[in-house]
Structure formats: structure tokens, C-alpha cells
Amino acid sequence: MKKGVLRPGHVQIRVMDMQQALKHYVELLGLIKTHQDSQGRVYLKGWTEVERFSVVLVPAAVPGMDFMGFKVIDDQTLSRLALDLAAFGCQVEHIPAGELDFCGRRVRFLAPTGHWIELYAEKEYTGRWGVSETNPEAWPRGLRGMRAMSFDHCQLHGSNLPLTRELFVDVLGFHLSEQVLDANGNSVADWLSISIKAHDIAFVGDGNDGAFHHAGFLLETWETLLRAGDLLTMTDTSLDVGPTRHGITHGQSMYFFDPSGNRNEVFAGGDFHYPDQKPVTWHEKDLGKAIFYHSRMLNERFLTVMT
């Protein structure tokens, strides 16, 4: 049942060298810089996104993710969900409007996996970058690098997946689109959607609480993904895996690292998954094929390197 959560809204990522980070996220990934605040945080967005920002880069001594945010339908929903989260047993914090520039008040909670997730109802509406909302052109001129369209999802690692699934499904209204089960039928990974996308957030239960595996960014087609791979080589950027196809979601994918060691994914295609569909199930013994459909093998770095 819908609880009023609309979609992924933003992610705050820690970077150790802001100039190098901007070269990566703006010139290579193709996000658009929209603001820098008095704390030195830089705000970015993909060109199809209608709000002021979806990615915040914050200067820090160590890399990683501070929080991921989801947009809710209105302020009344935000207040109701704050009560529901507290009743569920989550640690809840209230962040005042303006703590992030152009963003209204936020309700932040600690998931059982050790990650801070937040909800918000208001953020400055700017429209898509470089195209009008009346008779728009197909795409804006002046896009750079991989021409990332939007921030798409995060994959997070931790423990207590059953409680995390219950929280996201029963309290926030997500549905389980895909899962990996061990030989005893226990979930070792969940892909959750608040829309008809293949996933909006994913959790892997490896006990590494609070770990940030990657932030995913949407590209338009397989051809644009291949072009993104060319750009990685042209810029000597550290490649993790791909370009390839996932078994889970059937999306096309490539993983690489920003200069601070945070993993990024660019993602295209993928299944649609409606809330009335049963989740797709994969077996842990077939995890190689589930993650990397072509090679059917997982590399050690993909399983162990996180920030």
C-alpha cells in the first residue's frame, strides 16, 4: 500500500578532494553543478531532474555516504511518517528547513543496516536543465561526459535484512522487486522499489553495517553505456566491472570509482516491476550469474571494497 513516498531525491557523498571530485562528477559523469553553499558543499543534478539538486558532495577526511533522501508527497505525509518511523523503533532526527540550501525540513532515521535515510517534502523546483517545459527539445546542448540523466539508486550493505525489509515495505510502502535467498530460504540481498523501476534502493546482508557500495546514475541506452566505458579509458578512471548486463534487474551496467574511492554505477534499461508482481528470486549459489550475467563471476573487489 502506498504510504506517500514518491522517489529517490538525493544522496550526500563524502569526498576528500573537491576539485578532483568535481572533475569526476561534472566533467566525466556529466552532472550539472547548481550551487555551492557556505559549508563548501557542492550541489549537483542530472539534466532530466526537476529539482535543484540530487547529489551533494561534502568535503571530508574519509569517503562514504552520509545519507540518502527520498521525496514524499507533502508535509502532512512527512509528519505522519515521522511518527510511524518512531513507532517502528527507529532513531529519528528532525533536520530544519534550510540546513541543505533550497530544501525544506527533513526527517532522518537510522535503518537497521546502520544507514541514515531521510525524507523530505519540499525542494526548489527548477525544471529540467537546458530544455523548456513547453515544446521541449529532445535533449539540451552543452551536456558533458557521460551525460548522466539522473541519480537513480544506492546499494547499501549491513545486517538485519528482515527488519530492514519490514521497515521499507510496511512503514514506507516500498515493494520487494528481487531477492537473493540462501540454501535455507533466508534473504541475503533485497532490491526494493517505490515506483515501477527495477529498484530504488538495494540492501545486501553481509554484516558490514553502514557500508556504502555505490550510487547509481541513469543513462539512456546500452550505446550510451558503451560510450561511457570509452570515456573511462580516455580519462584513466579506475574501472571496477563492465560494461555488462546484470541478471538481477536485467539492466546494463558499469562500475567505476571516483577519486576518493566511492564506487559509482551507470545503469541503463532494466525491468519494470509493478507492486502487484511477485518478487523475482535468485539463489545464492547462482550469485555470479545474478550480478554479472555475462561472465557469471564475481570479483573480490566488488564484494569487499566499500566506503
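Residues numbered from 1 in each chain as written. Predicted model: local features only at pLDDT ≥ 70, side-chain atom pairs only at ≥ 80, totals over all residues. Heavy atoms only, no water.

### What to know about helix α1 (residues 18-28)
Here α1 has its buried residues at Met 18, Ala 21, Leu 22, His 24, Tyr 25, Val 26 and Leu 28. Regarding α1, its N-cap is Asp 17, as a side-chain oxygen of that residue lies 3.1 Å from the backbone nitrogen of Gln 19 further along. Once α1 ends, the next one or two residues include Gly 30, with phi positive near 95°. (Buried < 20%, exposed > 50% of the residue type's maximum accessible area, 1.4 Å probe, protein only. Helix = DSSP H or I, 4+ residues; strand = E, 2+ residues; numbered from the N terminus. Polar contact = N/O pair within 3.5 Å; in protein donor to acceptor, adjacent residues only side chain to side chain.)

### Things to note about the pairing of strand β8 (residues 116-120)
For β8, a buried count of 4 out of 5 residues is recorded, marking the element as mostly surrounded by other parts of the structure. In the sheet, strand β7 (residues 106-110) pairs with β8 via 5 bridges, with the strands oriented antiparallel. Residue pairing in the sheet places Arg 106 in a bridge with Tyr 120 of β8. Count of turn residues in the β7/β8 antiparallel hairpin: 5 residues, of which Gly 114 carries a positive phi of about 90°. (Pairing = 2+ DSSP bridges.)

### Details of the sheet that holds strand β10 (residues 175-181)
Two modes of strand pairing occur in sheets, parallel and antiparallel, and in both the strands are linked by backbone hydrogen bonds. What the 9 strands build is an open sheet, ordered β14-β15-β16-β13-β9-β12-β11-β10-β17; its pairing is mixed. Looking at strand neighbours, the two that pair on one side only are β14 (239-245) and β17 (280-283), the edges of this open sheet. For this sheet, the mean angle separating the axes of adjacent strands, direction not counted, is 20°. In this structure, β10 lies alongside β17, joined through 4 bridges in parallel fashion. When the sheet's bridge partners are listed, Leu 181 is paired in β17 with His 283. Along the sheet, helix α3 (residues 161-171) contacts β10, β11 (187-193) and β12 (201-204); its crossing angle with β11, the most-contacted strand, is approximately 15°. Lying over the sheet, helix α4 (residues 222-234) contacts β14, β15 (251-257) and β16 (263-269), oriented at roughly 15° with respect to β15. (Axes fitted to C-alpha atoms, helices over the stretch in contact; angles between N-to-C directions. Contact = heavy atoms within 4.5 Å.)

### Quick look at the packing of aromatic side chains
Tallied over the full model, the rule gives 9 aromatic pairs. Residues Phe 109 and Phe 168 carry aromatic rings whose centres are separated by 6.4 Å and whose planes lie at 55° to one another, so their mutual orientation is tilted. Of this pair, Phe 109 sits in strand β7 while Phe 168 sits in helix α3; the two residues are 59 residues apart in sequence, bridging distant segments of the chain. In this structure Phe 109 comes out as buried when scored by relative accessible area, which is 0%. Phe 168 gets classed as buried once you look at its relative accessible area, which sits at 0%. A centroid spacing of 6.3 Å and a plane angle of 80° characterise the contact between Tyr 255 and Phe 292, whose relative ring orientation is edge-to-face. Linking Tyr 255 in strand β15 with Phe 292 in the loop between α5 (287-291) and α6 (300-304), this pair joins segments that are 37 residues apart in sequence. On the basis of relative accessible area, Tyr 255 is assigned to the buried category, the value being 2%. (Phe/Tyr/Trp six-rings, centres within 6.5 Å; stacked < 30°, edge-to-face > 60°.)

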